[in-house]
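# Chains, contacts and geometry: an overview
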4 protein chains.
Amino acid sequence: MNFSSDNSYGAAPEILAALGAAAAGAVPSYGDDDVTARVTARLSGIFAREVAVYPVITGTAANSLALATLSPPHGAIFCHAESHIATDECAAPEFFTHGAKLVPLEGHGGKIAAKDIEAVLPNFQRGVHSSKPSVVSITQITELGTAYTPAEVAALAEFAHARGMTLHMDGARFANALSHLGCDAADITWRAGVDALSFGATKNGALGAEAVIFFDKDKAADFEYRRKKSGHLLSKMRFISAQLDAYLTDGLWLANAARANALARKLGEGLAAAKGVTLAHPVEGNQVFVHLPDQMVRRLREAGAHFYDWAPSADGRTLVRLVASFATPEADVTQFVELAGA
Amino acid sequence: MNFSSDNSYGAAPEILAALGAAAAGAVPSYGDDDVTARVTARLSGIFAREVAVYPVITGTAANSLALATLSPPHGAIFCHAESHIATDECAAPEFFTHGAKLVPLEGHGGKIAAKDIEAVLPNFQRGVHSSKPSVVSITQITELGTAYTPAEVAALAEFAHARGMTLHMDGARFANALSHLGCDAADITWRAGVDALSFGATKNGALGAEAVIFFDKDKAADFEYRRKKSGHLLSKMRFISAQLDAYLTDGLWLANAARANALARKLGEGLAAAKGVTLAHPVEGNQVFVHLPDQMVRRLREAGAHFYDWAPSADGRTLVRLVASFATPEADVTQFVELAGA
Amino acid sequence: MNFSSDNSYGAAPEILAALGAAAAGAVPSYGDDDVTARVTARLSGIFAREVAVYPVITGTAANSLALATLSPPHGAIFCHAESHIATDECAAPEFFTHGAKLVPLEGHGGKIAAKDIEAVLPNFQRGVHSSKPSVVSITQITELGTAYTPAEVAALAEFAHARGMTLHMDGARFANALSHLGCDAADITWRAGVDALSFGATKNGALGAEAVIFFDKDKAADFEYRRKKSGHLLSKMRFISAQLDAYLTDGLWLANAARANALARKLGEGLAAAKGVTLAHPVEGNQVFVHLPDQMVRRLREAGAHFYDWAPSADGRTLVRLVASFATPEADVTQFVELAGA
Amino acid sequence: MNFSSDNSYGAAPEILAALGAAAAGAVPSYGDDDVTARVTARLSGIFAREVAVYPVITGTAANSLALATLSPPHGAIFCHAESHIATDECAAPEFFTHGAKLVPLEGHGGKIAAKDIEAVLPNFQRGVHSSKPSVVSITQITELGTAYTPAEVAALAEFAHARGMTLHMDGARFANALSHLGCDAADITWRAGVDALSFGATKNGALGAEAVIFFDKDKAADFEYRRKKSGHLLSKMRFISAQLDAYLTDGLWLANAARANALARKLGEGLAAAKGVTLAHPVEGNQVFVHLPDQMVRRLREAGAHFYDWAPSADGRTLVRLVASFATPEADVTQFVELAGA
């Protein structure tokens, strides 16, 4: 029973198979191959718009390269205090942007809103003394398992654009969000005003494959140079692209996400029914944030369950995070819920 | 007939198979898995010494992270003027080191020697005005297809260490070098004084897998932080490690390199016998640098051959580079030589 | 009536005179001159310890260079949310450190305490995913006009050192602090555990002169290279050193600070007696933070007074900052207090 | 007899006097003062065009900030192999530009020409693998004491602009160049195609004052943010501006340069007449590069003369550099020449 991370699981068989298929023959290096071109075409279709697509191998690289393209070294980037870019990337965005300032904002359920930015904005409007407001970055599914609605995204985009800022979306769990929202990919991105998207695949079945997508190619500017200069341009690019290609074929990405989301919902509902248990946030993706009695936490761990404490125990309960993936055995979910309810 | 780069070819079947095997089950992320531990054990065995091993996905990342660990921002790094770090990585080392100075040195056959560094060293011994001599970086097989002997490496190491510098080896084609030299891996690295090695696998059969190896763990210092901060720590590390693991199993790495080297030798010998053709450098790895009559170059390209011009045509001949890989069809070599001789 | 900043006033006549005296003759460049040596000797005397002294020309340079010497690129630096390094330097520390993370902490009166750091420390103890706790930075006189006591500094130093961190003090108004505390310079710095001090002179009578002081020379490491590489090593160093030399001669630095502090106290006491006025913080240096009725604020500005609003008006009053300097005319203070009381 | 550097001498009395005059009263900080505005007006007059002017305190800062404004992190900057930015600034440009590549070019007399750049340009036109040609940087007076003519500058500018590059001029000794050329300041800068100029004053009589001048304000872009972020925005800016203001008043800058140039010419002519002496380069500014017999070098040093060896002794002679400044005593020149001829 491993619910510690969607990264703990391997890779989807369809994606593994695609690697073998891609291995044949001699093809141009560094992305000038047919598979890479096909990925761009697929994503342009999915987003109903010609998009600029740049495959990379980690979410940290995707986010940092996107932010470095959108923000000058003297820029301020507004994000949630618990966002991955602010807390889990060892200040990689500060490295890639050459010293931009990430401004951590509190916000319920992992979300930020225009009013949160507005409250601190005057601190960043003092000429050269303060970093210049440049980017708003949000995470979709948030780090607390909730999803921004198209209207919420649009409100942030409008606020950002009106002040000369751009909107970046960390979509490490973008497929889970789309599966939950049931809207078109375009509705929750460029139609709502998103300028750049870190489109994740690794957590949802790839071995290691993400794509940075710019909806306005002009904003991509010097992205390709930054990718090369940071060691993120793969010589045998076909193998990253092949993962993305298989991921986007026949709806695999949405099927995987739907499965993970369903398991998370089942976990959430099952646990919520147990005594002393309260969900901390609505389960809108594949993550469950739940307050469990400390005794229950011990019992579950003794039974072999893996998961993270999200906060230290308080009042006899611990806030834990449980993550379901495309490959989590359904039996594990059933067993976990039963153990909790016992 | 594709001789443009060893990157043009796909991946060895053994390595592809290993990915499938590694995909099963839930395992710890970020390198705390068994496969990654096994790679370190294998390399410690191969190098006859306990080594620190850090898998990454590109040679540029391997080189840049190694150099940033060895050189301060105000360091000078001495290397050949045609080295990959100096000419092919978009100044990635300068980015990772935060502004170190790469000092390009001319040297016959892609090699540098102590006397080449000595000649410019006074320029870098003027206190804080000049960058501080910190690292000597050499490439094994060099960018011109030649191999440093253990004695040559030892002489450089002695020179570097005596002046407070360390020695880095870019081993993008390390297996080809070892196959040519016929010595132990230790003889051409730490026994000769190498401090850090970029151990390449991508060009020789992996999809995308390199390892930075430190022979003295203390010198690795904060490598792991730098890898994370630059987006080069993979969550599903097992998939990079699985490539390296298969690469090192049953001598696959050396067999692949021996095959590529043999094809290159065959190319070199075949071409050298043709009229008007001269080898520019001895063929000691899987690269052939050869002066071909311009007419022959045109004829070969018209027949479908791919390769790079290394320098513009002069006196009716062009210096071209031909690269053989683990997967280059032998028939292509035969055909190419026949066309050249026709 | 200019109370907007201590930077608004010019330079002390003794310091101006010293520039003329220093201009004669040909002397070695870049700090190898006698005046610079004398400054180090003077500061070693004042701090009762042999110290390493590096003159620079701005507080931002002093702070950033000190922090870059103490923190690796992957370091976390704990500081007050309103500290100069966090809010007024356009993320210069992030630039000089190559991407360290400044962690802004709330704390009463501009001060932080061990418990404030302890509360967030677990977020920075997650291996390479989070920035590594490296430096605690405090400001003496704080940005809110209060002074750390030796005991408060010692408690922070003990906490920091026990966790492998160092303690930096931004002493842009160090003389004002010393004048208030009445202790020895050593008591509030290295005897209390401070590792590096940005020793300010600009705000207190110099044209532009600060000194970074390391109490343990070994910790200074590569400071000199960083200073040169960032363009902060002056060829005619004697002119910065001459300012510091005069500043430290015959107690000018403490006399200037005592004067500014006395004016600030007079301002604070005078205003506190006026109707509707409340001091926000005790006046322990040369800054006064005070809630003034909005009507009074308007009246004072109409009469020609210059000062900053520190926060927007709330409940009919505005928190303003008033700064007195070594050169503020006492009549201005008298007039301001009278106008407020009218 | 100190001919080691123009930095060895102090400051012009007119400039020292201006500091005292500027010290009075309370004025806005950070450059919003009248003196700073006056400097911009003066320079706009001198250059016969409205220019953007940014005072800083060192030549390294001026050059690095100008280059970082003109070049992206992935840019290539072409310069002479002996230029100050390439050899004397501890790779500061690489730090400020975040890793741009300085491309050192050989060229007679310290000058580069379009053909020198053209010869290496193909190495920088290989997509993202090589740094992108962005800036050509020349030094006026060159590091070898020669001056570019307007026609030479124009040819470089035309070459650069035609390839999407800009032209930067390091004018650490700009006044000396102008004095030699006898043309208008505009003729040798923007009329010849220069985009940005590091306008030096320190070597020619200031304590520490340079100005970065952009002839097209749009190209200045985010210069002000970069200056602040690197700690180079002075709070009491009036004291840098006052130096520049006095420097530009009543032709002081040109008078000082004319004096230094005349002394250098006298040195050069006097030495050239001595036995065994050869000038290495024409004396066009205030520097003399001359081959002196080793015996003569010893004799001069024994007599108390200070100067630098520019290259190690060869064939019994040493190439030395002698620099005259605005304040070098004429008697020292006379004595030096007499000693040489004795």
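Note that the structure is a prediction, hence the values are computed from the model and not measured.

### Notes on unusual backbone geometry
Even without being a glycine, Asp250 of chain A presents a positive backbone phi close to 55°. By the secondary structure assignment, Asp250 of chain A is in the loop between helix 11 (238-247) and helix 12 (252-272). Classification of Asp250 of chain A as exposed rests on a relative accessible area of 79%. A positive phi angle, near 55°, is found at Asp315 of chain B, a position not held by glycine. Among the secondary structure elements, Asp315 of chain B is positioned in the loop between strand 10 (308-309) and strand 11 (317-323).

### Considerations on the pattern of salt bridges
This structure, assessed with the given rule, holds 60 salt bridges over all chains. Between Arg301 of chain A and Asp309 of chain A there is a salt bridge; the shortest N-O distance is 3.0 Å. A salt bridge links Lys266 of chain C to Glu330 of chain C; the shortest N-O distance between them is 3.1 Å. In this pair, Lys266 of chain C is assigned in helix 12 (residues 252-272) and Glu330 of chain C in helix 14 (residues 330-341), connecting sequence segments 64 residues apart. Relative accessible area serves as the criterion here: at 42%, Glu330 of chain C is assigned to the partly exposed category. Linked by salt bridges that have partners in common, Arg38, Arg42 and Asp245 of chain A make up one network.

### Thoughts on the interface of chain C and chain D
Contacts between the two partners involve 45 residues from chain C, matched on the other side by 45 residues from chain D. Of the roughly 3,600 Å² buried at the junction of chain C and chain D (both faces included), carbon and sulfur atoms supply 62%. Looking at the side of chain C facing chain D, the largest losses of area belong to Phe95, Lys229 and Lys236 of chain C, adding up to 21% of the total buried there. Our count for the chain C to chain D interface comes out at 0 salt bridges.

### A word on the relation of the copies chain A and chain B
Of the transformation placing chain A onto chain B, the axial shift is 0.0 Å and the rotation is 180°, giving an RMSD of 0.0 Å. One copy is carried onto the other by what is essentially a two-fold rotation axis. Looking at the rotation axis and the C-alpha trace of chain A, the residue lying nearest is Ser230 of chain A, at 3.5 Å. Of all interface residues in chain A, 100% are interface residues in chain B too; the two copies therefore contact each other through one and the same surface.

### Description of the environment of Ala113 of chain D
Residue and element names in this part refer to chain D. Mapped onto the elements of the fold, Ala113 is located in the loop between strand 3 (101-105) and helix 6 (114-120). Taking relative accessible area as the criterion, Ala113 reaches 31% and is therefore assigned partly exposed. It is 6.4 Å that separates the C-alpha atoms of Ala113 and Leu156, two residues lying 43 residues apart in sequence.

### Looking at the nonpolar core
Within the largest apolar cluster, 139 residues are counted, with the highest numbers of intra-cluster contacts made by Phe199 of chain C together with Phe199 of chain D. Those residues in contact with Phe199 of chain C that lie beyond four places of it in its chain are Leu43, Phe47, Gly171, Phe174, Glu210, Ala211, Ile213, Tyr247, Leu248 and Trp253 of chain C. Core analysis: the second largest hydrophobic core is formed by 137 residues, Ala209 and Ala257 of chain A together with Ala76 and Phe159 of chain B among them.

### Observations regarding the interface of chain A and chain B
Facing the 45 residues of chain A at the interface are 45 residues of chain B. It is Phe95, Lys229 and Lys236 of chain A in chain A that bury the most area against chain B; as a group they hold 21% of the surface buried on that side. If you look at where chain A meets chain B, you find 0 salt bridges. The interface formed by chain A and chain B includes 26 residue pairs in polar contact (both at pLDDT 80 or more). Mapped onto the side of chain A that touches chain B, the elements with two or more residues apiece are helix 1 (13-22), helix 3 (59-70), helix 5 (92-96), helix 10 (223-229) and helix 11 of chain A. Among the residues forming the side of chain A that touches chain B, the class breakdown is 22 nonpolar, 16 polar and 7 charged.

### Examining the packing of aromatic side chains
Throughout the structure, instances matching the rule amount to 66 aromatic pairs over all chains. Aromatic pair Phe78 of chain A and Phe124 of chain A: ring centres 5.5 Å apart, planes at 90°, arrangement edge-to-face. Highlighted residues: Phe78 of chain A in strand 2 (residues 75-80) and Phe124 of chain A in the loop between helix 6 (114-120) and strand 4 (132-139), separated in sequence by 46 residues. Comparing Phe78 of chain A with Phe124 of chain A, the two get one shared label, buried. On the basis of an interplanar angle of 65° and a centroid distance of 5.4 Å, the ring pair of Phe47 of chain B and Phe215 of chain B is categorised as edge-to-face. Here Phe47 of chain B, found in the loop between helix 2 (34-46) and strand 1 (52-56), pairs with Phe215 of chain B, found in the loop between strand 7 (210-214) and helix 9 (217-220); they are 168 residues apart in sequence, far enough to count as distant. For the pair formed by Phe47 of chain B and Phe215 of chain B, the shared burial category is buried. Within the aromatic cluster, the residues linked to one another by ring pairs are Phe47, Phe174, Phe199, Phe215, Tyr247 and Trp253 of chain A.

### Some words on the side chain of Asp245 of chain B
Residue and element names in this part refer to chain B. By the secondary structure assignment, Asp245 is in helix 11 (residues 238-247). Since its relative accessible area comes to 8%, Asp245 is described here as buried. Leaving out residues up to four positions away in the same chain, Asp245 has contacts with Val35, Arg38, Val39 and Arg42.

### Here's the deal with the domain arrangement of chain A
Residue and element names in this part refer to chain A. Examined at the domain level, chain A breaks down into domain 1 (13-251) and domain 2 (259-341). Averaged C-alpha coordinates put domain 1 and domain 2 at centres separated by 29 Å. Residue-level contacts link 16 residues of domain 1 with 13 residues of domain 2. Across the domain 1/domain 2 interface, buried area totals approximately 1,200 Å², and carbon plus sulfur atoms make up 46% of it. Here domain 1 is connected to domain 2 by 0 salt bridges. Run the count over domain 1 and domain 2 and you get 7 residue pairs in polar contact (both at pLDDT 80 or more). Residues that form the side of domain 1 that touches domain 2 fall into these classes: 3 nonpolar, 9 polar and 4 charged.

### Considering the packing of helix 2 of chain B against helix 11 of chain B
All names here are of chain B. Packing of helix 2 against helix 11 brings their axes to within 8 Å, and their N-to-C directions diverge by 35°. When the axes of helix 2 and helix 11 are compared, the crossing they make is left-handed. Residue-level inspection shows Val35, Thr36, Arg38, Val39 and Arg42 of helix 2 in contact with helix 11, the latter providing Arg238, Ser241, Ala242, Leu244 and Asp245. Of the residues belonging to the contact of helix 2 with helix 11, the class tally is 4 nonpolar, 2 polar and 4 charged.

### Thoughts on the sheet that holds strand 2 (residues 75-80) of chain D
Within a sheet, each strand pairs with its neighbour through backbone hydrogen bonds, oriented either parallel or antiparallel. All names here are of chain D. Strand order across the open sheet formed by 7 strands is 1-7-6-5-4-2-3, with mixed pairing between neighbours. The sheet terminates laterally at strand 1 (52-56) and strand 3, the two strands that pair on one side only. Within the sheet, the average angular offset between the axes of one strand and its neighbour, ignoring direction, is 20°. On top of the sheet, helix 3 (residues 59-70) reaches strand 1, strand 2, strand 4 (132-139), strand 5 (166-171), strand 6 (196-200) and strand 7 (210-214); it is set at about 20° to strand 7, its chief contact. Contacts from helix 7 (residues 150-162) reach strand 4 and strand 5, with the element oriented near 145° to strand 5.

Calculation notes
- Residues numbered from 1 in each chain as written.
- Chains lettered and ligands numbered in written order.
- Predicted model: local features only at pLDDT ≥ 70, side-chain atom pairs only at ≥ 80, totals over all residues.
- Heavy atoms only, no water.
- Helix = DSSP H or I, 4+ residues; strand = E, 2+ residues; numbered from the N terminus.
- Buried < 20%, exposed > 50% of the residue type's maximum accessible area, 1.4 Å probe, protein only.
- Salt bridge = Lys/Arg side-chain N within 4 Å of Asp/Glu carboxyl O.
- Contact = heavy atoms within 4.5 Å.
- Buried area = accessible area lost by both parts, 1.4 Å probe.
- Least-squares fit on C-alpha atoms with pLDDT ≥ 70 in both.
- Core = buried A, V, L, I, M, F, W, Y, C linked by side-chain atoms within 4.5 Å.
- Polar contact = N/O pair within 3.5 Å; in protein donor to acceptor, adjacent residues only side chain to side chain.
- Nonpolar A, V, L, I, M, F, W, Y, C, P; charged D, E, K, R; others polar.
- Phe/Tyr/Trp six-rings, centres within 6.5 Å; stacked < 30°, edge-to-face > 60°.
- Domains from an automatic or database assignment.
- Axes fitted to C-alpha atoms, helices over the stretch in contact; angles between N-to-C directions.
- Left-handed = near helix turned anticlockwise from the far one by under 90°.
- Pairing = 2+ DSSP bridges.

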